[in-house]
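# Examining the three-dimensional arrangement
Residue-level listing of the chains:
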Amino acid sequence: MEAAADSTRFGYILELLRRDKIAIKGIERELICPACKELFTHPLILPCQHNICHKCVKEILFAFEDSFADGGSESSNQSSPRIRIAASSMDRIDRINRSASQRRSFGCRGRKRNSLTPRSTLFPCPSCQRDIDLGERGINGLFRNFTLETIVERYRQAARAAIAIMCDFCKPPPQESTKSCMDCSASYCNECFKIHHPWGTVKAQHEYVGPTTNFRPKILMCPEHEMERVNMYCEICRRPVCHLCKLGGGHANHRVTTMSTAYKTLKEKLSKDIEYLISKECQVKAHITQLDLLLKETECNSERAKQEASQSFEKLYCVLEEKKSAALRAIETSKNIRLEKLQTQVEEYQGLLENNGLVGYAQEVLKETDPSCFVQTAKQLHVRIQKATESLKSFRPAAETTFEDFVVDTAKQEDILGDLSFHSNGLGIPEINEEQSRMYNKTLISWECSGKTDSADIYVLEYHKLNKEEESVTWQKTEVCGKSKVLSDLDDDSSYAFRVRAYKGSICSPWSREVIMRTPPAPVFSFLFDDKCGYNNEHLQLNPRRTSVESRAGFPLLLGSERLQVGCFTTLDYIIGDTGIAKGKHFWAFNVEAYSYLVKVGVVPSSKIQKLFHNTSDVISPRYEQDSGHDSGSEDTFFDSSQPCTLVTLGMKKFFIPATPAAPKDPASRILPLPSCLGVCLDCDRGRVGFYDAGRMKCLYECEVDCSGLMYPAFALMGGAAVHLEEAVTAEDREYHDDI
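The name recorded for the protein chain in an unreviewed UniProt entry is Tripartite motif containing 36, from Geospiza parvula. In its Subcellular location (unreviewed entry) section, UniProt records this for the protein chain: "Cytoplasm, Cytoskeleton". Its UniProt record, at the heading Sequence similarities (unreviewed entry), says of the protein chain: "Belongs to the TRIM/RBCC family."

## A look at the packing of aromatic side chains
Working definition: an aromatic ring pair is given by the centre-to-centre distance plus the angle between the planes. Taken as a whole, this structure holds 13 aromatic pairs when the rule is applied. Relative to Phe498, the ring of Tyr496 lies with its centre 6.4 Å away and its plane at 35°, an arrangement referred to as tilted. One aromatic cluster is present, formed by Phe169, Tyr188 and Phe193 through successive ring pairs. For the cation-ring pair, Arg499 lies above Trp475, with the distance from its terminal atom to the ring centre recorded as 4.0 Å. Sitting over the face of the ring of Trp511, Arg499 holds its NZ or CZ atom 4.2 Å from the ring centroid.

## Some words on a nonpolar patch on the surface
A cluster of nonpolar residues, Phe313, Leu316, Tyr317, Leu320 and Leu417, forms a patch on the protein surface that exposes about 480 Å² of accessible area. For Leu320, a relative accessible area of 52% puts it in the exposed group.

## Some thoughts on unusual backbone geometry
One non-glycine residue, His42, lies in positive phi territory at about 50°. Structurally, His42 can be placed in the loop between α1 (2-19) and β1 (43-45). When its relative accessible area of 37% is taken as the criterion, His42 is described as partly exposed. Of note in this structure, Arg546 is not a glycine but carries a positive phi near 60°. Its place among the elements puts Arg546 in the loop between β21 (540-542) and β22 (548-551).

## Details of the nonpolar core
Trp588, Phe590, Phe655, Leu682 and Phe715 are the most contacted members of the largest nonpolar core, which has 48 residues in total. For Trp588, the residues in contact, after removing those within four places along its chain, are Tyr440, Phe525, Phe527, Ile581, Gly602, Val603, Leu678, Gly679, Val680, Leu682, Pro713 and Phe715. Counting 24 residues, the second-largest nonpolar core is a separate cluster that includes Cys33, Phe40, Leu46 and Val57.

## Describing the environment of Arg304
By the secondary structure assignment, Arg304 is in helix α8 (residues 281-350). Among the polar contacts made by the side chain of Arg304, one reaches the side chain of Asn301 at a distance of 2.6 Å.

## Thoughts on the sheet that holds β21
Hydrogen bonding along the main chain pairs the strands of a sheet, whether they run parallel or antiparallel. One open sheet holds the seven strands; their spatial order is β21-β22-β33-β24-β29-β30-β31, and the pairing between them is antiparallel. Whereas interior strands pair on both sides, the edge strands pair on one side only; in this sheet they are β21 and β31 (698-704). Averaged over all pairs of adjacent strands, the angle between their axes in this sheet comes to 20°, without regard to strand direction. Bridge count between β21 and β22: three bridges; the pairing is antiparallel. The partner of Leu542 across the bridge, within β22, is Val549.

## Comments concerning the side chain of Thr257
Here Thr257 is to be found in strand β11 (residues 256-258). Of the residues examined, Thr257 reaches a relative accessible area of 15% and is grouped as buried. Residues in contact with Thr257, not counting those within four places in the same chain, are Met232, Tyr233, Glu235 and Ala262.

## Considerations on the pairing of strand β18 (residues 495-504)
Of all 10 residues in β18, eight are buried; the element is thus mostly enclosed. With eight bridges connecting them, strand β15 (residues 458-465) and β18 associate as antiparallel partners. What sits directly across from His464, in β18, is Ala497. With four bridges joining them, β18 and strand β20 (residues 515-518) adopt antiparallel strand pairing. Within β20, the position partnered with Phe498 by the bridge is Val515. Note that β18 and strand β19 (residues 507-508) share two bridges and pair antiparallel.

## A short note on the pairing of strand β33 (residues 721-725)
Taken across its five residues, β33 has four buried, putting it largely inside the fold. Examined bridge by bridge, β22 and β33 share four bridges and lie antiparallel to one another. Of the residues in β33, the one forming a bridge with Val549 is Val723.

Conventions used here
- Residues numbered from 1 in each chain as written.
- Predicted model: local features only at pLDDT ≥ 70, side-chain atom pairs only at ≥ 80, totals over all residues.
- Heavy atoms only, no water.
- UniProt positions renumbered as here; feature names shortened; annotations may be inferred.
- Phe/Tyr/Trp six-rings, centres within 6.5 Å; stacked < 30°, edge-to-face > 60°.
- Lys NZ or Arg CZ within 6 Å of the ring centre and 35° of its normal.
- Patch = residues over 30% accessible without salt bridge, like charges linked within 9 Å, V, L, I, M, F, W, Y side chains within 5 Å.
- Areas by Shrake-Rupley, 256 points an atom, 1.4 Å probe, with all protein chains shown as cover.
- Salt bridge = Lys/Arg side-chain N within 4 Å of Asp/Glu carboxyl O.
- Buried < 20%, exposed > 50% of the residue type's maximum accessible area, 1.4 Å probe, protein only.
- Helix = DSSP H or I, 4+ residues; strand = E, 2+ residues; numbered from the N terminus.
- Core = buried A, V, L, I, M, F, W, Y, C linked by side-chain atoms within 4.5 Å.
- Contact = heavy atoms within 4.5 Å.
- Polar contact = N/O pair within 3.5 Å; in protein donor to acceptor, adjacent residues only side chain to side chain.
- Pairing = 2+ DSSP bridges.
- Axes fitted to C-alpha atoms, helices over the stretch in contact; angles between N-to-C directions.

Next comes the structure, spelled out in structure tokens:
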């Protein structure tokens, strides 16, 4: 009955389209798979509500597996000759491969949390370009789109209307079929159908349709319960479900409705939408006419813009030609003057030769016998010869041969011309959002644009390491399609400057304000809270992923305090990380809730873990007795030194520097505001542990620590408190921040 209803409904829609003279090819683009660019074959509905061929899903996932086996080689990503994946999709596939490889590398270490983490399959949707989580069941958890199959089959039948489907049971020559039985998977002419489906038999109840070659069971089964048909519709998840899903499955607490009600509701909405579109046919045609005019106007405006750009560059060419001519003229003039001076100097020195010039003239003067005449001539000649003698003692050319003064410095102009581009008031200047940006195991840089009407096609992110020794700055450049970028090639314990600009075609925005951020002082150490070793589940509560712990006092503490008549000391509840550190330098970060009363953080050696969880000094302390006479401030040093691990105290939005001989004596100077994110850096080789403001990567306190054994991250909570481990930066963070 449902098949007949679907057939009637879509027959009505197609007939309506034909009646309005809309060619069937108009819906062809809706029937093309975005992956293989062919008509859908057994389409599946992805969680993002886009469709894709069943075969294409398998081919893409097989390409992932091949890339894992081949180490992510380029050839493995193109294992299927049928499927055509765009370059952007290939980049997304490579990113998923890298994230999956990282998950596998964690599994090789034998982490405990792998057994608790559900397996999921990421799939890049070719339509919306997003990474879709297919869940544990993968392809088996997707519904077949029978409705789309019906439309595709009708499209195929319309395309091959001239090719008749012949009867499968006629004797040669076969007759043209008039019916196809879905139960028998065969086509019949009228006579053969009466013979094989006589009245009063079971076959007479078979479902038959018009002539077709697509015989497939049209029964929508539940992906979670393969033997159950879907008969309800979940209004929360917006998908069909079976009665087992509602009773005890993942939709137990969801609001569901009957399939007939959902069918009527959605049919009414779809019918109204179609009627609205048909009623707006004149408006659509008017818009098409307007768009045609805009196409022509765009062509004219582009030609005008080309002419204006050519004129602008021609002006630059003219300026450069004038500068070039002036520079060449100046060099030529200077060359002539220098040659003239040097030639004069050559002639002077040639006159000093014996048979030439001054020497010959002097020899002739010496032949004069009249004293008065000789003196008159020899005096001036003597002065000339003295000058020539002095020039021989210190030879200096009359002109320089180099033209260093005429070297044209174009470095600044080259930079300006390199940045030469079109600017538009409609393209906003992006600004880096420091709150959303993170520097941890990787670096996530996120930015926002001002409220302009035009959006950018692409962004260019540039960054460089701040190094005082380097005179020139070399910016590293990367192009980004979204509004965030994850970088993984930055050095530890270094400061970097970041800037970003937007591009729309050949138009670009000015550079954003430079933002300086600092990387962690050491590689990031990844761990989870250990729920096995000394974990007190009565006072502490872990989240399912073991990345957050919360202290809850509860009724047992209230009942216990009711029996006490004097002041009492609430027990510190300790918890450690599930992985130890043997050597090297490591860093990890966490957040402490603002309402936390008392939290201690630090490290503990493996040899003192048992002592940590059985330390009787945490149960009762004389300093908390009302009449003990002990001063709280004078006992800080003894109390901290008695602990089996190196810890610092946090609480009430404050960071308390431990009382040591080197620390200030004034207690107020040892109290700092609690950072939003706190970091711990353990250097096992030097035997030092430091506590950092992870937002600015500034060290707040550092001390020595005994690293003779395995060192574990340690935390202690008292009263209402909560600690959240800083999660690693992944590719999903970039996808989450992208909103283009």
